[in-house]
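The lines below spell out each chain.
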Amino acid sequence: MTAELNFEPRPLSEYTPERGWHADALAQELPSEAPGEPEPGGAWEVARRLVEGYRMADPALVRATWDPRAPLEGRVMTLQLRFHRVLSVRARVKVTRLWDEERDGARVFGYEYATLRGHVEMGRMDYEVHKHHADGRVEFRLHAHSRASHEGRPWVRLGFRLFGRREQLRFYFRCCERIARLTARELRLPEAPPPPAVRLREGDAPETAELRERLFPRRTRQPRA
């Protein structure tokens, strides 16, 4: 089975609402550390490990399998997208980029994956863990650019048009809440509701989109050569 993307990668600036794309970005506060480099066994290292293992994904919504022998970069993952534990659709993604770098006064680990042929969506998404050296803040971030792929069986395409955007946003916010809870749990901190995730960018079509928008979404306009 080939690992061919179901869209043509382009600069992020071209993934615009006018071309039919949704753009989302969220940040979630995690337990903090002392200022400076990430602490051994601290929140940043714990959250990084959770992200590497795709543990931030709620298995009630998305379950993932992959070859455990494969390196993270280039990993092909099969995702089982679940709808209220009743219906599920399988889709595949590939990790296309990986980074562990210093950026704007923070240590940042992250990776991006992109959708493969047969996925109900097309696009790219990344997950990051930041440790801010100056004040010790640790946060989880996700960024996504996506739209419907129009692939798959008719009932799958219809279901995605009706409920896909709502479920997509539900997955994003659940990722934020779950990684905050799991990080605190591994650090043996008191169980408490994590602070809510913060939108870094407002989505252009929220879960309250009108039925017409869900049934007849904007068509993607191809960039001019």
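Above this text you will find the structure in question.
Residues numbered from 1 in each chain as written. Predicted model: local features only at pLDDT ≥ 70, side-chain atom pairs only at ≥ 80, totals over all residues. Heavy atoms only, no water.

1. Side note on the overall build of the protein
Phase 1: Check the secondary structure of the protein and you find 3 helices and 8 strands.
Phase 2: Taken from the N to the C terminus, the helices and strands of the protein come in the order β-α-β-β-β-β-β-β-α-β-α.
Phase 3: Across the 225 residues of the protein, 44% fall into the buried class.
Phase 4: By sequence separation, contacts in the protein at least 24 residues apart represent 63% of the contacts at least 6 residues apart.
Phase 5: When the accessible surface of the protein is totalled, it reaches about 12,200 Å², and 52% of it is carbon and sulfur. (Helix = DSSP H or I, 4+ residues; strand = E, 2+ residues; numbered from the N terminus. Buried < 20%, exposed > 50% of the residue type's maximum accessible area, 1.4 Å probe, protein only. Contact = heavy atoms within 4.5 Å. Areas by Shrake-Rupley, 256 points an atom, 1.4 Å probe, with all protein chains shown as cover.)

2. Some thoughts on the environment of Met77
Phase 1: Relative to the helices and strands, Met77 is located in strand S3 (residues 76-83).
Phase 2: Of the residues examined, Met77 reaches a relative accessible area of 0% and is grouped as buried.
Phase 3: Between the C-alpha atoms of Met77 and Asp67, which are 10 residues apart in sequence, the distance is 8.0 Å.
Phase 4: Leaving out residues up to four positions away in the same chain, Met77 has contacts with Tyr54, Ala64, Thr65, Trp66, Ala91, Arg92, Val93, Val95 and Tyr113.

3. Description of the side chain of Ser146
Phase 1: Inspection of the secondary structure assignment puts Ser146 in strand S7 (residues 138-148).
Phase 2: The exposure class of Ser146 is buried, given its relative accessible area of 5%.
Phase 3: Here the side chain of Ser146 touches Gln168 through a polar contact of 2.8 Å, side chain to side chain. (Polar contact = N/O pair within 3.5 Å; in protein donor to acceptor, adjacent residues only side chain to side chain.)

4. A word on unusual backbone geometry
Phase 1: Although it is not a glycine, Tyr54 sits at a positive phi angle of roughly 60 degrees.
Phase 2: By the element assignment, Tyr54 lies in the loop between helix H1 (43-52) and strand S2 (62-65).
Phase 3: Given the relative accessible area of 5%, Tyr54 is considered buried.
Phase 4: With phi around 50 degrees, Asp104 is a residue other than glycine that occupies positive phi space.

5. Describing the pattern of salt bridges
Phase 1: Under the defined criterion, the tally for this structure stands at 23 salt bridges.
Phase 2: Residue Lys131 pairs with Glu33 through a salt bridge whose shortest N-O separation is 2.9 Å. One end of the pair, Lys131, is in strand S6 (residues 121-132); the other, Glu33, is in the loop between strand S1 (22-30) and H1, and 98 residues separate them in sequence.
Phase 3: In this structure Lys131 comes out as buried when scored by relative accessible area, which is 0%.
Phase 4: According to the relative accessible area criterion, Glu33 is buried, its value standing at 8%.
Phase 5: Salt-bridge contacts for Asp100 lead to Arg107; the nearest nitrogen and oxygen are separated by 2.8 Å.
Phase 6: Each of Glu37, Arg48, Glu52, Asp100 and Arg107 takes part in salt bridges that share partners, so that together they form one network. (Salt bridge = Lys/Arg side-chain N within 4 Å of Asp/Glu carboxyl O.)

6. Observations concerning the environment of His130
Phase 1: Note that His130 resides in strand S6.
Phase 2: Linking His130 and Ala27, residues 103 residues apart in sequence, is a C-alpha distance of 9.9 Å.
Phase 3: Setting aside its immediate chain neighbours within four residues, His130 contacts Trp44, Arg103, Arg107, Val108, Arg137, Val138, Glu139 and Arg141.
Phase 4: Side chain to side chain, His130 and Glu128 meet in a polar contact 2.8 Å long.

7. Quick word on H1
Phase 1: All of the buried residues in H1 are Ala43, Trp44, Val46, Ala47, Leu50 and Val51. Seen from one end, H1 has its buried residues packed into an arc of 165 degrees, which puts them on one side.
Phase 2: Tyr54 sits one or two positions beyond H1 and adopts a positive phi of about 60 degrees. (Arc of directions from axis to C-beta.)

8. Quick word on the state of the cysteines
Phase 1: Under the definition given, this model contains 0 disulfides.
Phase 2: Free cysteine Cys175: the closest other cysteine sulfur is in Cys176, separated by 6.8 Å.
Phase 3: Classification of Cys175 as buried rests on a relative accessible area of 0%. (Disulfide = S-S within 2.5 Å.)

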